[in-house]
Amino acid sequence: MPEHTTTSRLWLSGLCFLLQILTILLFAVFVRYSPESSPGLCSQQLNCSWRNQDSGFQHPRFRDVHLQALLGFGLLVAFLGRYGPGSVATSILVVAFAIQWAILIQGFLYFFLNGKIYVGAQSVVSADFCTAAILISTGAVLSRVNPIQMLLLTLLGVTFFTLNEYILLSLMGVSDSGGSLTVHTFGAYFGLMVSRILHQPHMDKRKEQQDMGHQPDVFAVVGTIYLWIFWPSFTSATTVRDSAEPWAVLNTYFSLAASTLATFVLLPVLHEEGTLRMVQIQDATLAGAAVMGMAGEMLVTPFGALIAGFLAGLIPLLGFRFLTPILRSRLKIQDTCGVHNVHGLPGILGALLGTLLTALATADAYGGRLELVLPLVAQGSRTATDQALCQLAALPVTLLLAALGGFLTGAVLKAKGLRSPPDTLYLENTVLWEVAEEGCDHGVSRKELGTSTLV
């Protein structure tokens, strides 16, 4: 076994041990269960924003969001056949640590009272949202960082995510229940900046990292089905339900349908062969969900959700065809999973749509729902125009914090002692995950195709 492989094993083992011991100690000192008699604990604080723990919160909401974070996002990166099951293992590693760390970091801001962090199902849902953003970020650097770097990216990414979220939701009073800005846009551009700092000239083509076998499409099929089933719940998980119709659920479903159809519209135009891969439907589904993050609970109307979803569904194919080569060749950004086209641009489109809908919001149109969707406008603290300007200002704030956080994180990950040797391209950290595939013979050795890494 190579010396660097043995060293990587020991460093990873030691880092996991230290991080787990640290979180256990912090949990022992600060974390307690929320009292059953105080479902509105969070509302007693000034900085809870939309994270109110309503008494109607049910276990299925937590289950759906957690399944989406764990399996939905985990299977999204598995289309990289060379990394196949290893990429799913990476997601599980990130989820396992990110949830613990997010509960602590977010807890000090949202669920802290009398020197303790009180956790319940809603705080875990909040941590899952944070975890989703970090999983998006890892998609930009997958295959180019080792597990040690991935854990450090998670450690720093959760911290910067929470800072951005706190500024937007609590200080600026922005409405972004489904995470167009806080999850999709921040996660994408944070990861892209890390990718830029970690630029590796020998890995410039995303398509070269994809397998030719059928396994990636199998992963993509399962991942896409999970998106369709659970993403509407993910988008609506932080909205206050009461007895109101779940607009966020309905709008997300309409958007998913239209974005998927957009792929079939555009593919024959951009690709002469017209061969549709399941990965492309998966990308369109993600884009359709991202665009409804902010606007989902607003008065989009069914036809408006279809229009937004259709436009978002055009972005991934156009982006991979025209924008990705520019990012790679001119800006030296290696976007392994295409998060810029699938999460970043649709997230920005969703933020702009949410801003427009906010400016048009009236009490007559929303009725009693206005208090739930735009509470500051309903209370008279802001006009709809003022709230729309805050929603719009949140976009550059998010991009700035994502870029700054990504730059600092990339600089840390680029430290000499953390980088893997250059001769481990495609095969680094195979000591952690190795599978043998059958029936994959497309000009690449079976040994090479049969190795999936954690990174």
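Presented here is an overview of the structure given in this document.

**Here's the deal with helix α4 (residues 121-141)**
Part 1 of the reasoning: An ideal rise of 1.5 Å per residue puts 30 Å on 21 residues; α4 measures up with 31 Å between its terminal C-alpha atoms.
Part 2 of the reasoning: Burial runs high along α4: 20 of the 21 residues are buried.
Part 3 of the reasoning: The first or second residue beyond α4 is S143, which carries a positive phi of 85°.

**Observations regarding the environment of L256**
Part 1 of the reasoning: If you trace the backbone, L256 turns up in helix α8 (residues 247-270).
Part 2 of the reasoning: Remark: the alpha-carbon pair of L256 and L286, spanning 30 residues in sequence, is separated by 8.0 Å.
Part 3 of the reasoning: When near neighbours in sequence (up to four residues on either side) are disregarded, L256 contacts L227, W228, P232, T285, G288 and A289.

**Some remarks on the packing of α8 against helix α9 (residues 278-290)**
Part 1 of the reasoning: For the pair α8 and α9, interaxial distance at closest approach is 8 Å and the crossing angle is 135°. In terms of orientation, α8 lies oblique with respect to α9. When the axes of α8 and α9 are compared, the crossing they make is right-handed. Of the residues in α9, those touching α8 at S255, L256, S259, T260, T263, F264 and L267 are Q280, I281, A284, T285, G288 and A289.
Part 2 of the reasoning: Here the residues of the contact of α8 with α9 sort into 6 nonpolar, 7 polar and no charged.

**Section: the packing of aromatic side chains**
Part 1 of the reasoning: The full count for this structure, using the stated rule, is 12 aromatic pairs.
Part 2 of the reasoning: Aromatic pair F108 and F112: ring centres 5.4 Å apart, planes at 50°, arrangement tilted.
Part 3 of the reasoning: Classification of F112 by relative accessible area gives partly exposed; the value is 28%.
Part 4 of the reasoning: Summarising the aromatic geometry, the rings of Y110 and F111 are spaced 6.4 Å apart at their centres and angled 65° between planes, so their arrangement reads as edge-to-face. Assigned by exposure class, Y110 and F111 land together as buried.
Part 5 of the reasoning: The ring of W247 has R369 lying over it, and the distance from NZ or CZ to the ring centre is 3.6 Å.

Rules behind the numbers
- Residues numbered from 1 in each chain as written.
- Predicted model: local features only at pLDDT ≥ 70, side-chain atom pairs only at ≥ 80, totals over all residues.
- Heavy atoms only, no water.
- Helix = DSSP H or I, 4+ residues; strand = E, 2+ residues; numbered from the N terminus.
- Expected span 1.5 Å × (residues − 1).
- Buried < 20%, exposed > 50% of the residue type's maximum accessible area, 1.4 Å probe, protein only.
- Contact = heavy atoms within 4.5 Å.
- Axes fitted to C-alpha atoms, helices over the stretch in contact; angles between N-to-C directions.
- Parallel < 35°, antiparallel > 145°, perpendicular 65-115°, else oblique.
- Left-handed = near helix turned anticlockwise from the far one by under 90°.
- Nonpolar A, V, L, I, M, F, W, Y, C, P; charged D, E, K, R; others polar.
- Phe/Tyr/Trp six-rings, centres within 6.5 Å; stacked < 30°, edge-to-face > 60°.
- Lys NZ or Arg CZ within 6 Å of the ring centre and 35° of its normal.

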